[in-house]
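# Inside the fold
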Amino acid sequence: MVSAKIPWMDRRRFLWLGATAAAASPAMLSAVIDSAAARRRLLQVNGYPPDAETPLELLDSYITPNDLFFVRNHWIPTTVDAKTWTLTVDGEVETPLRLSLADLRAMPRVSRTCVLQCAGNGRGLFSPPVAGVQWKYGAVGNARWTGVRVKDLLARAGVKPSALHVHTFGADLPPGKVPPFHRSIEIEKLIEDGIVADEMNGEPLAPLHGAPARLVVPGWAGDHWMKWLVRLSAGVAPQSGFYMDTAYRYPKAPGPPGEPVKPEDMAPVTELFVKSNITTRPARAVIGRVSEIGGFAFSGAPDVARVEVSEDGGVRWSDARLDSRHEPFAWRRWTYPWKPARAGEATILCRATDSRGRVQPREAVWNPSGYLHNAWHAVTIPVAG
Ligand SMILES: Nc1nc2c(c(=O)[nH]1)N[C@H]1C(S)=C(S)[C@@H](COP(=O)(O)O)O[C@H]1N2
Ligand SMILES: [Mo]
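Just so you know, these numbers come straight off a predicted model, no measurement behind them. (Residues numbered from 1 in each chain as written. Chains lettered and ligands numbered in written order. Predicted model: local features only at pLDDT ≥ 70, side-chain atom pairs only at ≥ 80, totals over all residues. Heavy atoms only, no water.)

### What about the site of ligand 1?
Stated formally: Proximity is defined per residue: if any heavy atom of the residue lies within 4 Å of a molecule or strand, that residue is considered near it. Identification of polar contacts relies on pairs of N or O atoms within 3.5 Å, with a donor-acceptor requirement for protein atoms, meaning one able to donate a hydrogen and the other able to accept it, and with residues adjacent in sequence counted only if both atoms are side-chain atoms. Surface exposure here means Shrake-Rupley accessible area, sampled with a 1.4 Å probe, where a residue is shielded only by the protein chains that are shown.
Residues in close proximity to ligand 1 total 19 residues, the closest being His74, Asp172, His209, Arg214 and Lys227. Asp172 places a side-chain nitrogen or oxygen 2.7 Å from a nitrogen atom of ligand 1. Interatomic distance of 2.5 Å between a side-chain N/O atom of Lys227 and an oxygen atom of ligand 1. In isolation ligand 1 exposes 530 Å². Once the protein is present, 100% of that is buried.

Written as structure tokens, this is what we have:
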């Protein structure tokens, strides 16, 4: 059964397969499973904790559908009872708040479409290899998030000028003596862009994505996007602990690949790096006939200015056409009509430039935890004469 691959998969699909099984013969059922429904799946990259990425070729739409959106957890995901859930806003505030889901939903609502990418996306592509979940391309997606501005929550609580950081807490608990996933974010960033979201792509947030509400931090890596959010606490200093002081840190300056980096030479991972990938390509092409190459591009800068394609290993580049749909920190779809001139194997590369002028590099900067891989993406396509 398909669901055996991912026992915690989307319940509706599970029920649908169950209902199909009841109505159909085994032959019909296997035909159904072999068809599109079975290919529409996540790739499990880790068993404990459950982590799964989207196959790159399915990341071919502006909005990533909820059932295809990657899932990343530090341990067993929790299930929160929405009826008893509360969100506490406290710390450096005049009036601490404790809001039910109904209280939260009664506040002014906003929607923003933006990219969520795990800091470790692409870790499995680093050489020499680094320890950790071996994500390839699919720990990323673009979704429409709806909820309440962190700015409005902090204002309602009467945040004091002394507050410079917001400490964030989720309801999931680590096993044994493992330190909790406690984090903090500069208050400026959250006031500017942060949302406590309870809807994803127009549906109530799913349990695996942090129901009933999670933090959305447009432009910043996924480790800031606290799921099963239960508390925002304004503080004068960053939060301390393993997931602030040791994990999610990146070298301040590039060093030799494979070499350890001293803790004082590292800074927290915050903004995403400019990156593009090819999601759409022909299995094979024919000389002189146009095939479509396409993909997405995004950055920690609010927009993507340019995507280029090279057929000669990065010597000459041609502009791809950018799709008109864009919002700050959302990804930008792009297409390139490719007309191969030679038979044999063609290697197509893409690179993006963001609205701050940063260009996707040929090589990603090697770092001990394998964060923010953003090297040029290459695909090889056979061309018939
Ligand atoms: N409470 C909690 N929040 C969390 C995590 C977690 O393990 N626990 N993982 C973080 C990481 S590292 C990422 S990349 C994103 C993944 O969100 P998703 O599972 O909705 O894709 O959630 C973040 N928020
Ligand atoms: Mo992550």
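### Examining the domain arrangement of the protein chain
To be explicit about the condition: Here the bounds of each domain stem from an automatic or database domain assignment. It only takes one pair of heavy atoms within 4.5 Å for two residues to be counted as in contact. Using a 1.4 Å probe, buried area is obtained as the accessible area two parts lose upon being combined, added over both of them. A carboxyl oxygen of Asp or Glu within 4 Å of a side-chain nitrogen of Lys or Arg is what we treat as a salt bridge. Working definition: helices are DSSP H or I runs of at least four residues, strands are E runs of at least two. Numbering for both runs from the N terminus.
In terms of domain boundaries, the protein chain breaks down into domain 1 (5-68), domain 2 (86-268) and domain 3 (275-384). At the junction of the two partners, domain 1 supplies 16 residues and domain 2 supplies 19 residues. The largest contributions to the domain 1 side of the interface with domain 2 come from Glu53, Ile63 and Asn66, which together make up 39% of the buried area. Counting every contact that joins domain 1 to domain 2 gives zero salt bridges. Taken together, the connections running from domain 1 to domain 2 amount to 10 residue pairs in polar contact (both at pLDDT 80 or more). Taken together, the elements giving at least two residues each to the side of domain 1 that touches domain 2 come down to β1 (43-46) and β2 (51-53).

### A word on unusual backbone geometry
With an omega dihedral of -10 degrees, the bond running from Tyr48 to Pro49 counts as a cis peptide bond. Structurally, Pro49 can be placed in the loop between β1 and β2. Look at the link from Ala211 to Pro212: it is a cis peptide, with omega at 5 degrees. Relative to the elements of secondary structure, Pro212 occurs in the loop between β10 (203-204) and β11 (214-216).

### Some thoughts on the sheet that holds strand β19 (residues 318-319)
Short version of the rule: By this definition, two strands are paired if DSSP reports at least two bridges between them.
Strand order in this open sheet of five strands is β16-β23-β22-β18-β19, and the pairing throughout is mixed. Since the sheet does not close on itself, it has two edges, and those belong to β16 (285-286) and β19, each with one partner. Bridging between strand β22 (residues 344-354) and strand β23 (residues 377-384) involves seven bridges; their strand directions are antiparallel. Its bridge partner lying in β23, Ile348 is registered against Val379.

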